[in-house]
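So you can see what is in the structure, the chains are spelled out below.
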2 protein chains.
Amino acid sequence: MVQFVGVSEIRRIVERVGIEQVLTRMTDYLEADFRRWERFERAPRLASHSKGGVIELMPTQDDDLYTVKFVNGHPYNFEQGLQTVVALGIMADVATGYPVFLSEMTILTALRTAAMSALAAKHLARPEARTMAIIGLGAQSEFQAVAFRAVLGIDTLRVYDVDPAATAKFLRNMSGRGCQVIACDEPGSAVMGADIVTTVTADKAQNTILSDNMVGAGVHLNAVGGDCPGKTELQKDILSRASVFVELTEQTRIEGEIQQMPADFPVTELWQVISGEAPGRTRRDEITLFDSVGFAVEDFAALRLLRDLSLETGFYETLDLITSPSDPRDLFGMIASPVMPAARAA
Amino acid sequence: MVQFVGVSEIRRIVERVGIEQVLTRMTDYLEADFRRWERFERAPRLASHSKGGVIELMPTQDDDLYTVKFVNGHPYNFEQGLQTVVALGIMADVATGYPVFLSEMTILTALRTAAMSALAAKHLARPEARTMAIIGLGAQSEFQAVAFRAVLGIDTLRVYDVDPAATAKFLRNMSGRGCQVIACDEPGSAVMGADIVTTVTADKAQNTILSDNMVGAGVHLNAVGGDCPGKTELQKDILSRASVFVELTEQTRIEGEIQQMPADFPVTELWQVISGEAPGRTRRDEITLFDSVGFAVEDFAALRLLRDLSLETGFYETLDLITSPSDPRDLFGMIASPVMPAARAA
């Protein structure tokens, strides 16, 4: 039997454990896996494109576990009231190849993306950072806010969205969560005095959500929204002034903010900072940038945590996905009943 | 909700519909999809290797549906009483990227591999063929026998396996299925007088299950077991005498029997024969060979059929894999309950 966590179970798990605690533990799981980055198979994602969007497979494995995320990206789903991104995950045992865990990953990916941002900021932002600006108040924004509150102690949020309804939703969801939220009229006012600036807009275009003059010394930039070819949020000049940290260099050069820069633009991989092989922030006035696009190792850590949480809470179902004939060579005997000899004519 | 067919449901479906009928319809679905072969995305499979085996992802899509098979190959699982191959499948709607169907594919792959062999033989074997030899009586053997019985009217089976227990299992499973089964002491005697020879052995090595002198004029060879690098069943000389038909040329040159031949060894892709673009058998005394390795389009057809059969019979469960927040941007509101303001101290 394969352990299964669907939407209702992940909701129960998060309710039981508490979303702050889930995000904190997710950050720990991510940190542990980034520390042993070189132990993972790092295959490119496999993308199937169509008119309406893309379906991707993101596999990775270490010596013990294999995971793959199935995830789509369909920007126009929004117009039909559907999610633009839906995901599911499979975990298998490397020794036998048997699937052991299957789960929804739409909510799980939202949690892991926020925890990943918080992990990067923990290593790159100034330690005394308490104020974060968020530009873009879509589906990912509250996850970011709660993760930064839980992991870094952010207590003030300066926020902006083009759509007042998105701002209202954000204010409603963040009410009572221990953060002062200041809704701003424009991005320029949101970033004022912020120690950390998170950009997480949805529009698929080369936008300038942040222009160069908006980014002051010492700020940590958490660029979440620029995550595929043709989709960026930062003015190029910012990148030239910043120390840029990425997940997997070759992937980020195609999908991240640095797609705007030459192929030899210097970057540091975040795992090197986390494992102590490379410095993170070296000066108080340095601008650091986490150019986040998402990588399979993060889904691996997220699935690992969700499986543990579901075992701890007992919130899971089981799926009969595995055949187990008494004789492995007798698959046919499992599926086809023996045929009775036809009654002989008298 | 996502439609789900597990092991117990596929067993119920096959029992209700009848395995011969399932295999016949599977052959029709395969034929329909091979006829429109060029409409499919034909990506290479994505393999993750480890000490004990391999885990593969096999995706494809047409304009409407996307499918991916997760499948492992762990030859030593057998020693622990586990299946060497376990698979599961996902089908998604190309327009939205949403998963619509999820199923076990261990049994389904056994069915589709046999139906695929029968489809190839329908187009390549002599029409009057009634006797088939089967060398290798493992998990796939009865599926082959029943598919050839149902689709081509094969009524005599001459069979051989190194292990008498496998032969006994085959005889038991085929009892009452309308075929005369003749258990033979050696491969050479099994192939005698056979119109079709199916080789489906499991040993991962360059073996000579059939040597050149065992293959007479006019025979159709159905080579199922030679399906990965370093695993072949036929003596090279046979290939030189035969007209060879494959699924996808570049994949078969690596995985099939023709890995023994030079890179320019001439082959015909089976979809060309089925769609009328290339001839199949042209002479009664021609030796035809279907060098089968399995391809994603076959899994696509198989998942399509299983979904239809499960809707027809009503045998399926549903999985809550899809989040559906009332506002697609309010994923957070789905997972985190609103926080009550703390009671004010008196």
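Note that the coordinates shown come from a computational prediction; the quantities given were computed from them, not determined experimentally. (Residues numbered from 1 in each chain as written. Chains lettered and ligands numbered in written order. Predicted model: local features only at pLDDT ≥ 70, side-chain atom pairs only at ≥ 80, totals over all residues. Heavy atoms only, no water.)

Looking at this structure, how should I read the interface of chain B and chain A?
One widely used convention gives an interface's size as the accessible area the parts lose upon coming together. At the junction of the two partners, chain B supplies 80 residues and chain A supplies 79 residues. Summed over both partners, the interface of chain B with chain A comes to about 7200 Å²; 66% of that surface belongs to carbon and sulfur atoms. Interface area lost by chain B to chain A is led by Arg-329, Phe-332 and Ile-335 of chain B, which between them contribute 12%. Scanning the region where chain B abuts chain A turns up four salt bridges. Measuring nitrogen to oxygen at the nearest pair gives 3.6 Å for the salt bridge that ties Arg-172 of chain A to Asp-330 of chain B. Between the two partners, chain B and chain A, sit 30 residue pairs in polar contact (both at pLDDT 80 or more). By residue number, the principal contributor to the side of chain B that touches chain A is helix α1 (residues 7-17) of chain B, which donates seven residues. Grouping the amino acids of the side of chain B that touches chain A by side-chain chemistry returns 43 nonpolar, 23 polar and 14 charged. (Contact = heavy atoms within 4.5 Å. Buried area = accessible area lost by both parts, 1.4 Å probe. Salt bridge = Lys/Arg side-chain N within 4 Å of Asp/Glu carboxyl O. Polar contact = N/O pair within 3.5 Å; in protein donor to acceptor, adjacent residues only side chain to side chain. Helix = DSSP H or I, 4+ residues; strand = E, 2+ residues; numbered from the N terminus. Nonpolar A, V, L, I, M, F, W, Y, C, P; charged D, E, K, R; others polar.)

Any chance you could explain the sheet that holds strand β3 (residues 54-61) of chain B here in plain terms?
Residue and element names in this part refer to chain B. Spatially, the seven strands line up as an open sheet ordered β2-β3-β4-β5-β6-β1-β17, and their pairing is mixed. Two strands lie at the open edges of the sheet, namely β2 (46-49) and β17 (317-319), each paired on one side alone. Between one strand axis and the next, the sheet turns through 20° on average, direction left out of account. Pairing of β2 with β3, which is carried by four bridges, proceeds in the antiparallel orientation. Within β3, the residue paired with His-49 across the bridge is Val-54. Of the strands in this sheet, β1 (2-5), β6 (99-104) and β17 are in contact with α1, which crosses β1 at around 75°. Across the face of the sheet, helix α3 (residues 106-124) comes into contact with β3, β4 (65-73), β5 (87-93) and β6 while running at roughly 85° to β6. (Pairing = 2+ DSSP bridges. Axes fitted to C-alpha atoms, helices over the stretch in contact; angles between N-to-C directions.)

Please clarify how the packing of aromatic side chains should be interpreted in this entry.
Geometry of an aromatic ring pair is reported as the spacing of the ring centres plus the angle between the planes. Taken as a whole and assessed by the stated rule, the structure comprises 10 aromatic pairs over all chains. With a centroid separation of 5.2 Å and an interplanar angle of 80°, the aromatic rings of Phe-143 of chain A and Phe-332 of chain B are classed as edge-to-face. A residue pair is termed interchain when its members come from two chains, as with Phe-143 of chain A in helix α4 (residues 141-152) and Phe-332 of chain B in helix α11 (residues 331-335). In this structure, Phe-143 of chain A and Phe-332 of chain B share a single accessibility class: buried. (Phe/Tyr/Trp six-rings, centres within 6.5 Å; stacked < 30°, edge-to-face > 60°. Buried < 20%, exposed > 50% of the residue type's maximum accessible area, 1.4 Å probe, protein only.)

Is there a simple way to explain the sheet that holds strand β2 (residues 46-50) of chain A in this structure?
Two modes of strand pairing occur in sheets, parallel and antiparallel, and in both the strands are linked by backbone hydrogen bonds. Residue and element names in this part refer to chain A. With respect to topology, seven strands assemble into an open sheet ordered β2-β3-β4-β5-β6-β1-β17, the strand pairing being mixed. Looking at the sheet topology across the chains shown, the edges are occupied by β2 and β17 (317-319). Averaged over neighbouring strand pairs, the angle between their axes works out to 20° when direction is ignored. Relative to strand β4 (residues 65-73), strand β3 (residues 53-61) runs antiparallel, the two sharing eight bridges. Residue pairing across strands places Leu-57 opposite Phe-70, the latter belonging to β4. Packing against the sheet, helix α1 (residues 7-17) makes contact with β1 (2-5), β6 (99-104) and β17, and its axis sits at approximately 75° to β1. Lying on the sheet, helix α10 (residues 296-313) is in contact with β1, β3, β4, β5 (87-93) and β6; it crosses β6 at an angle near 95°.

For this particular structure, what's the right way to read the pattern of salt bridges?
Two side chains with opposite charge may pair up if their charged atoms get near one another. Within the structure shown, the criterion is met by 44 salt bridges over all chains. For Arg-25 of chain B, the salt bridge identified is with Glu-312 of chain B, shortest N-O distance 2.9 Å. Here Arg-25 of chain B, found in helix α2 (residues 19-35), pairs with Glu-312 of chain B, found in helix α10 (residues 296-313); they are 287 residues apart in sequence, far enough to count as distant. Beyond isolated ion pairs, a larger network of salt bridges with shared partners links Asp-33, Arg-36, Asp-62 and Arg-304 of chain A.

I'm lost on the state of the cysteines in this one. Help?
A covalent bond bridging the sulfur atoms of two cysteines is what the word disulfide describes. Enumeration over the complete set of coordinates arrives at zero disulfides over all chains. Distance from the sulfur of Cys-179 of chain A, which forms no disulfide, to the nearest cysteine sulfur (Cys-184 of chain A) is 14 Å. (Disulfide = S-S within 2.5 Å.)

Got a minute to help me understand the relation of the copies chain B and chain A in this structure?
Here the second copy of the chain follows from the first by a rotation about an axis and a shift along it. Mapping chain B onto chain A calls for a rotation angle of 180° and an axial translation of 0.0 Å; the resulting RMSD is 0.0 Å. On the angle and the small slide along the axis, the relation comes out as a two-fold axis. A shared interface surface links the copies, since 99% of the contact residues of chain B are contact residues in chain A too. (Least-squares fit on C-alpha atoms with pLDDT ≥ 70 in both.)

What is the right way to read the environment of Ile-135 of chain B from this model?
Residues and elements named next belong to chain B. Tracing the backbone shows Ile-135 in strand β7 (residues 131-135). Sequence-wise, Ile-135 and Thr-67 are 68 residues apart; in three dimensions their C-alpha atoms are separated by 32 Å. Not counting the four nearest positions on each side in its chain, Ile-135 is found in contact with Tyr-160, Pro-187, Ala-190, Val-191, Thr-198, Thr-199, Val-200, Thr-201 and Ile-209.

Mind showing me how you'd approach α1 of chain A here?
Since there are 3.6 residues in each turn of an α-helix, residues three or four apart along the chain are aligned in direction. All names here are of chain A. Residues Val-7, Glu-9, Ile-10, Ile-13 and Val-14 constitute the buried set of α1. All buried residues of α1 fall inside an arc of 165° around its axis, so they share one side. In α1, those exposed residues whose orientation departs by more than 90 degrees from the buried face are Glu-15 and Arg-16. Gly-18 sits one or two positions beyond α1 and adopts a positive phi of about 95°. (Arc of directions from axis to C-beta.)

What am I meant to see in the domain arrangement of chain A here?
Residue and element names in this part refer to chain A. As far as domains go, chain A holds domain 1 (2-107 + 298-324) and domain 2 (117-294). Taken residue by residue, the interface counts 15 residues in domain 1 and 21 residues in domain 2. Between domain 1 and domain 2 lies a buried interface of about 1700 Å² when both sides are counted; carbon and sulfur atoms form 66% of it. Among the residues of domain 1 in contact with domain 2, Phe-34, Trp-37 and Arg-45 are the three that bury the most area, contributing 29% of the side total. On the surface where domain 1 and domain 2 come into contact, there are three salt bridges. Two residues, Arg-45 and Glu-255, come together in a salt bridge whose shortest N-O distance is 3.2 Å. Linking domain 1 with domain 2 are five residue pairs in polar contact (both at pLDDT 80 or more), by the criterion used here. (Domains from an automatic or database assignment.)

Any chance you could explain the pairing of strand β8 (residues 156-160) of chain A here in plain terms?
Residue and element names in this part refer to chain A. Among the five residues of β8, five are classified as buried, and the element is accordingly described as predominantly covered. Burial along β8 is two-sided: the residues Thr-156, Arg-158 and Tyr-160 and Leu-157 and Val-159 are all buried. For strand β7 (residues 131-135) and β8, the ladder comprises five bridges, and the chain directions are parallel. In the sheet register, Ile-135 faces β8, and the bridge partner there is Tyr-160. Regarding the hand of the β-α-β motif, the stretch spanning β7, α4 and β8 is right-handed. Read as a crossover between parallel neighbours, the route from β8 over helix α5 (residues 164-174) to strand β9 (residues 180-183) is right-handed. (Right-handed = clockwise from strand over helix to strand, strands pointing away.)

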